[in-house]
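Survey of secondary and tertiary structure
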Amino acid sequence: MSERYIIEQISMFCKNEPGRLASMARVLEENGINMLALSIAEANDFGVVRALVDKSDRAKEVLTDMGFMVKVTEVIGVNMRDEPGGLTCIATTLADADINIDYAYAYSGKGAAVLILRVSDTMVAVKAILDAGHELLSRDQLG
Amino acid sequence: MPFFNHAIETLRRSEIEEMQLKLLRAQARRMYERSPFYHARMREVEVMPDDITRLDDVRRLPTTKKTDLRDNYPDKLFVPPLEKIVRYHVSSGTTGQPTVVAYTRNDIEMWSESLARAFASTGMGESDVIQVANGYGLFSGGMGMHYAGEKLGATVLPAGTGNTRRQVQFMMDLPVTCIACTPSYMLQIAEVAQSMGVSLQDDTRLERGILGAEPWSDSMKAKIEDEAGIKAYNCYGASELSGPLFTECEAQDGIHVWGDMALVEIIDPDTGEACADGEKGEMIVTMLQKEAMPLLRYRIGDMSSLSWDPCECGREHPRLMRLTGRVDDMMVIRGINVFPSQVEHLLYEVPEVGKNFQIVVDRVGNLDTMLIKVELEPEAFTDDILKLRHINRQVADGLKAVLNIKVEVQLVGPGTLPKGESEKASRVIDKRVM
């Protein structure tokens, strides 16, 4: 049941140089793939681009064809209250359940604020968040 | 003190060559009798010690290649009795395998004597204070300079490498007249001195630099002499030969190779034919008096020319006129010899990266930098940036351990670097202006 809350994020290895993100974005555009959220983690000369897209399988395929290294990673998206304290209760819930956050990024707008999380134990996190009465983004909401 | 060993240094060419023949015959005999390696080699080419009757006969003896050093690691080229060995130094080989060099007490004596003569030929003597800013330790540079300075009777300050501000401070506080280091480090010292508001020319007694262990040009020499207000003397040597051995004399017109220490041949690397006096070619060196690890006709890999023209300093010992490059793909980074094959070798030990690589060498300020681009294996790609950084660090640490210098490592995507042996040149991009 809670599998539907596990979202597939695509991660791409990306050399840190002008034009790399543009070529990646162009491939997605040309294939009609929409991005819901994006984050870039950088380390020295390279970065890892992480994105939530509406068609992750297709995105992986076309980006791999273009020569990008792509990996699909499981994350969860938590709907936050778009007001002060929205993040506090989510973070507290995870802390109480002894779940570590590997990384996180968020977007807000269109009446929603979503926190995307990569955590140490996805299933435990899903349960803890649902039990605490929070809402999770489900897979079908993406695409 | 113009001469350190007057009798030897003032020999005429004919006397030098007569002495070289005698020493070569004795060395060949010793090798044949005591070195299993050279015994076999000489039998292979069917040359017996007694066949050496003229100096030109050296060309009948077998040559020694870097691969021979690798294949005989660590001690198969040592010549008994092994209990006479008093020291080892270690230098990098062409792959992960280093080269161990052994010395008897006499080898250390001769090495020190050779460089002490060279120091004296630059005008140095007992009243000089030499700051040795070469590396001490396994690298033979620092200790070679150190022992030669003491042999000369000068005062030695074993500063070692690094901590440039302190190096400058020493020059201010002590009557340092000479510094031994790499040319690029000399420029670095000059720059740091300037930033400290110190004029090496006015605020110190520095007069000369014994500079070597990396290639440098006449324009760099001019820059050093101008910026530091010193005379810069080129120095030549290699661990396989002992360490730093020879320098330019006061005339600064070529490096005197003491004829009783070394027999240098210059050959055409393609045909193997001997080059004429003054003609550029590949250097082959036979150390005539080394005991613990003597190499016959060692193909050291440097390109140069040798001149027997009498020097204006009065010495007739031949001079290496100009070191013009390498026969192989060895690079010198911050005074350390680096072979691309060493990098390749290390990459085989890190499964997360591919075997393709590219080395980018540059000089930032006055210090060499080395960037190594390696391809991440697709299976090793992970969303976890810490793991990727760990792979990066693993390669960097491994290379540091093998090469003895700090390198930057850049992970790139698979298939993004030029491939294969055929494009060997593109594996190394050297942006330095020497």
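Report on the accompanying structure.

Conventions and cut-offs
- Every chain is numbered independently, its residues counted from 1 as its sequence is written.
- Here every chain gets a letter starting at A, and every ligand a number starting at 1, in the order they are written.
- pLDDT decides what is reported in this predicted model: residues at 70 or higher carry local features, side-chain atom pairs at 80 or more are listed and counted, and totals for whole chains, interfaces and linings draw on all residues regardless.
- Excluding hydrogens and water, the side-chain values take into account all heavy atoms of the structure.
- By definition, any uninterrupted DSSP run of H or I lasting at least four residues is a helix, any uninterrupted run of E lasting at least two residues is a strand, and each is numbered from the N terminus.
- C-alpha atoms define the radius of gyration, and 2.2 Å times the number of residues to the power 0.38 defines the globule rule.
- Type-normalised accessible area, obtained with a 1.4 Å probe on protein chains alone, sets the label of each residue: buried when under 20%, exposed when over 50%, and partly exposed for intermediate values.
- It only takes one pair of heavy atoms within 4.5 Å for two residues to be counted as in contact.
- Each accessible area is a Shrake-Rupley result for a 1.4 Å probe, and residues are judged covered by the shown protein chains and nothing else.
- The convention is simple: Lys and Arg are positive, Asp and Glu are negative, and His and the chain ends are not counted.
- Each charge is placed at NZ for Lys, CZ for Arg, CG for Asp and CD for Glu.
- The criterion for an aromatic pair is that two Phe, Tyr or Trp rings (for Trp, the six-membered ring) have centres within 6.5 Å, with stacked assigned to planes under 30 degrees apart, edge-to-face to planes over 60 apart and tilted to the rest.
- In this analysis the charged atom, NZ for Lys or CZ for Arg, is taken to sit over a ring once it is within 6 Å of the ring centre and within 35 degrees of the ring normal.
- Buried surface area refers to the total accessible area, computed with a probe of radius 1.4 Å, that the two partners give up upon joining, counted for both partners together.
- The rule for a salt bridge is simple: a side-chain nitrogen of Lys or Arg has to be within 4 Å of a carboxyl oxygen of Asp or Glu.

**Describing the overall build of chain B**
- A tally of regular secondary structure across chain B gives 12 helices and 21 strands.
- For 434 residues, the compact-globule formula gives about 22 Å, and the C-alpha radius of gyration of chain B, at 22 Å, lands near that figure.
- The dimensions of chain B, computed from C-alpha atoms along their principal axes, are 70 × 60 × 40 Å.
- Residues counted as buried form 56% of the 434 residues belonging to chain B.
- Sequence-distant contacts in chain B: of pairs separated by 6 or more residues, those separated by 24 or more amount to 65%.
- Here chain B displays about 18100 Å² of accessible surface, and carbon together with sulfur accounts for 49% of that area.
- In chain B, which carries 50 positive and 65 negative side-chain charges, the distance between the mean positions of the two groups comes to 3 Å.

**Side note on unusual backbone geometry**
Residue and element names in this part refer to chain B.
- Cis geometry marks the peptide bond from Tyr73 to Pro74; its omega dihedral reads -5 degrees.
- Relative to the elements of secondary structure, Pro74 occurs in the loop between α4 (66-71) and β1 (85-91).
- Cis geometry is found at the peptide bond from Pro80 to Pro81, where omega equals 5 degrees.
- Inspection of the secondary structure assignment puts Pro81 in the loop between α4 and β1.
- Phi is positive for Asn163, close to 50 degrees, though the residue is something other than glycine.

**Some points on the packing of aromatic side chains**
- Counted under the stated rule, the structure contains five aromatic pairs over all chains.
- Aromatic side chains Phe78 of chain B and Tyr88 of chain B sit 6.0 Å apart centroid to centroid with 25 degrees between the ring planes, which places their arrangement in the stacked category. Within this pair, whereas Phe78 of chain B is found in the loop between α4 and β1, its partner Tyr88 of chain B is found in strand β1, the two being separated by 10 residues in sequence.
- An aromatic cluster of at least three residues, connected via ring pairs, comprises Phe13 and Phe46 of chain A together with Phe381 of chain B.
- If you follow Arg50 of chain A out to its NZ or CZ, it ends over the ring of Tyr103 of chain A, 3.5 Å from the centre.
- The ring of Tyr147 of chain B is capped by Arg87 of chain B, whose NZ or CZ atom sits 4.5 Å from the centre of that ring.

**As for the interface of chain B and chain A**
- On the chain A side, the residues contacting the 17 residues of chain B number 18 residues.
- Across the chain B to chain A interface the summed buried area is about 1400 Å²; carbon plus sulfur atoms make up 66%.
- Among the residues of chain B in contact with chain A, Phe381, Asp383 and Ile385 of chain B are the three that bury the most area, contributing 49% of the side total.
- Where chain B meets chain A, there are one salt bridge.

**Overview of the environment of Ile230 of chain B**
- Assignment of secondary structure puts Ile230 of chain B in the loop between α10 (218-228) and β7 (231-238).
- The sequence separation of Ile230 of chain B and Ala213 of chain B amounts to 17 residues, and the corresponding C-alpha distance is 19 Å.

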